[in-house]
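Geometric and topological summary
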Amino acid sequence: MSKRDYYEVLGLERDASESAIKGAYRKKALKYHPDRNPGDEAAEEQFKEASEAYEVLSDPEKKAAYDRYGHAGIEGNFGRGGFQWSDFTHAGDFQDIFGDIFESFFGGGRRSRGSAKPKGRDLKIKVALTLEEIATGVEKNIALTRLQRCKSCDGTGAASGADRKVCGTCGGQGQVQQMARTLFGPSMTVVTCPTCEGEGYIVSNPCPECRGEGRERGQATLTVRIPAGVQEGNYIPLRGQGEVGPRGGPAGDCLVFIEEKEHDYFIRDGNHVIYRLPLGFAQAALGAEVEVPTLSGKALLKIPAGTQSGRVFRMGGRGIPDVNGRGVGDQLVEVVLWTPEGLSRRERELFTELAELENERVAQEGESFFAKVCKAFGS
Ligand SMILES: [Zn+2]
Ligand SMILES: [Zn+2]
């Protein structure tokens, strides 16, 4: 039997848009769905054919191959027997329309839910750190407001113990077995209990404090240990410290996101820190020992005579520790020549005298200057 053209199957023109393809499949699927056509094998076949067409046309790569080479272009995508339901990747996309029907096509009960008590929300909070804190690691206390277990009912949502009973439908399991029709015949699947919606309990008289929610808004202070070397955007998960789920549902996580405060004079470059050191002409020419700030206090740096502007000195191990424990970065000190303004009479005299001497040297040594600068930058 020769295969029908996929566009024809879905009733589409060849230039149909992505949303048109999805819409067309939706329509066909609803029309030929086995639930709507019990015992109609032709309808089932049409449903499968439309699903195969949609599987190909909804995938840009497969669609391109099909558009160029027809069925031959996508042959390799399906097994020897051609398209099977296990090849269909969109089951989840249509869950809202078809419920668990796709699941049952895959043999039924494939996904085990367990007692599906809804989990609480994850919380995201930010903590701003200085570079100094990042360099050493730090412990922070964070105050926050979140949904916590209701104290009156201990999270059950019931006014009293007698107001909460094990669900009769599922016996407290939160799920029930159900017979489902599949393309391969009837099959048992496990679904969420419709009576208790997976909670396993029925509350007849809700707790007045939380109106049966089992949780209430409250304050908490969390302690988070932040390791050295973290970066902006990193986060530290505090498991189970988010909001609790309704009626005793498990808590989500609290994700602590790192923010880096801007530093007054350090610039971070990975695990290195850059510091720009202003240096006077005389210090640069004569050499000097200067005090520079580091993340762990002040340190002395020797400036050799004849230091050019832009030269970078490396202070090994004065940077930020690697977050994975692979060494410590350096502090890079870049010399920036500081030019005095508003000269005094004496300064003016000295600079003038210096300038006369210097003019000769610039003429003599100027040519090799750039070579020297380049070398200095390279060091
Ligand atoms: Zn309560
Ligand atoms: Zn139940």
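Just above sits the structure.
To keep things clear, this report deals only with the structure shown in the data block.

The number of helices and strands found in the protein is 10 helices and 15 strands. Expressed as a percentage of its 379 residues, the buried residues of the protein come to 39%. Sequence separation of 24 or more characterises 64% of the internal contacts of the protein that already satisfy a separation of 6 or more. A total of about 22,500 Å² of accessible surface is found on the protein, and carbon and sulfur atoms cover 49% of it.

Another point: the nonpolar core. As a rule of thumb, nonpolar side chains are buried together in soluble globular proteins. Core analysis: the biggest nonpolar cluster contains 38 residues, and Ile-226, Val-256, Leu-277 and Leu-301 have the highest contact counts within it. Sequence-distant contacts of Leu-301, that is, excluding residues within four places in its chain, are made with Leu-277, Ala-288, Glu-289, Val-290, Val-292, Phe-313, Met-315 and Val-333. Tyr-6, Leu-12, Val-56 and Leu-57 belong to the second-largest nonpolar core, a separate cluster that totals 24 residues.

Another point: the coordination of the zinc ion (ligand 1). Between any two of four tetrahedral donors, the ideal angle at the metal is 109.5 degrees; between two of six octahedral donors, it is 90 or 180 degrees. Distances from the zinc ion (ligand 1) to its protein donors, namely Cys-150 (SG), Cys-153 (SG), Cys-207 (SG) and Cys-210 (SG), fall within the range 2.3 Å. The site at the zinc ion (ligand 1) holds 4 donor atoms, and with the angles between them running 103 to 116°, its shape is tetrahedral. Donor residues for the zinc ion (ligand 1), ordered by position in the chain, follow C-x2-C-x53-C-x2-C. Each member of the pair, Cys-207 as well as Cys-210, carries the same accessibility label: buried.

Let us look at the coordination of the zinc ion (ligand 2). Binding of the zinc ion (ligand 2) to the protein goes through Cys-167 (SG), Cys-170 (SG), Cys-193 (SG) and Cys-196 (SG), at separations of 2.2 to 2.3 Å. One way to put it: the 4 donor atoms around the zinc ion (ligand 2) meet at angles of 104 to 116°, and that makes the site tetrahedral. Donor residues for the zinc ion (ligand 2) sit on one chain with the sequence pattern C-x2-C-x22-C-x2-C. Of this pair, Cys-167 sits in the loop between strand 3 (164-166) and strand 4 (175-182) while Cys-193 sits in the loop between strand 5 (185-192) and strand 6 (201-203); the two residues are 26 residues apart in sequence, bridging distant segments of the chain.

To continue, consider the packing of aromatic side chains. According to the stated counting rule, one finds 9 aromatic pairs in the structure shown. Among the aromatic side chains, those forming a connected cluster through ring pairs are Tyr-6, Tyr-7 and Tyr-66. Its guanidinium or amino end placed over the ring of Tyr-201, Arg-164 lies 3.6 Å from that ring's centre, counting from NZ or CZ.

Time to look at the packing of helix 2 (residues 18-32) against helix 3 (residues 41-57). Where helix 2 meets helix 3, the axes come as close as 9 Å, and the angle between the chain directions of the two elements is 165°. Of the possible angle classes, the one that applies to helix 2 and helix 3 is roughly antiparallel. Considering the relative orientation of helix 2 and helix 3, their crossing is left-handed. Contacts between helix 2 and helix 3 involve Ile-21, Lys-22, Tyr-25, Lys-28, Ala-29 and Tyr-32 from the first element and Ala-43, Glu-44, Gln-46, Phe-47, Ala-50, Ser-51, Tyr-54 and Leu-57 from the second. Split into classes, the residues belonging to the contact of helix 2 with helix 3 amount to 9 nonpolar, 2 polar and 3 charged.

Here we have 3 strands laid out as an open sheet, ordered 1-9-8, and mixed in their pairing. The two strands at the open ends of the sheet, each matched to only one other strand, are strand 1 (123-129) and strand 8 (235-238). Going from strand to strand, the sheet's axes swing by 25° on average, the running direction of each strand aside. Where strand 8 and strand 9 (residues 254-260) come together, 4 bridges link them in antiparallel fashion. Opposite Leu-238, over in strand 9, you have Cys-254 as the bridge partner.

The rules behind these values
Residues numbered from 1 in each chain as written. Chains lettered and ligands numbered in written order. Predicted model: local features only at pLDDT ≥ 70, side-chain atom pairs only at ≥ 80, totals over all residues. Heavy atoms only, no water. Helix = DSSP H or I, 4+ residues; strand = E, 2+ residues; numbered from the N terminus. Buried < 20%, exposed > 50% of the residue type's maximum accessible area, 1.4 Å probe, protein only. Contact = heavy atoms within 4.5 Å. Areas by Shrake-Rupley, 256 points an atom, 1.4 Å probe, with all protein chains shown as cover. Core = buried A, V, L, I, M, F, W, Y, C linked by side-chain atoms within 4.5 Å. Donors = N, O, S within 2.8 Å, 3.2 Å for Na, K, Ca; no water. Tetrahedral: all angles 85-135°; square planar, octahedral: opposite > 155°, others 65-115°. Phe/Tyr/Trp six-rings, centres within 6.5 Å; stacked < 30°, edge-to-face > 60°. Lys NZ or Arg CZ within 6 Å of the ring centre and 35° of its normal. Axes fitted to C-alpha atoms, helices over the stretch in contact; angles between N-to-C directions. Parallel < 35°, antiparallel > 145°, perpendicular 65-115°, else oblique. Left-handed = near helix turned anticlockwise from the far one by under 90°. Nonpolar A, V, L, I, M, F, W, Y, C, P; charged D, E, K, R; others polar. Pairing = 2+ DSSP bridges.

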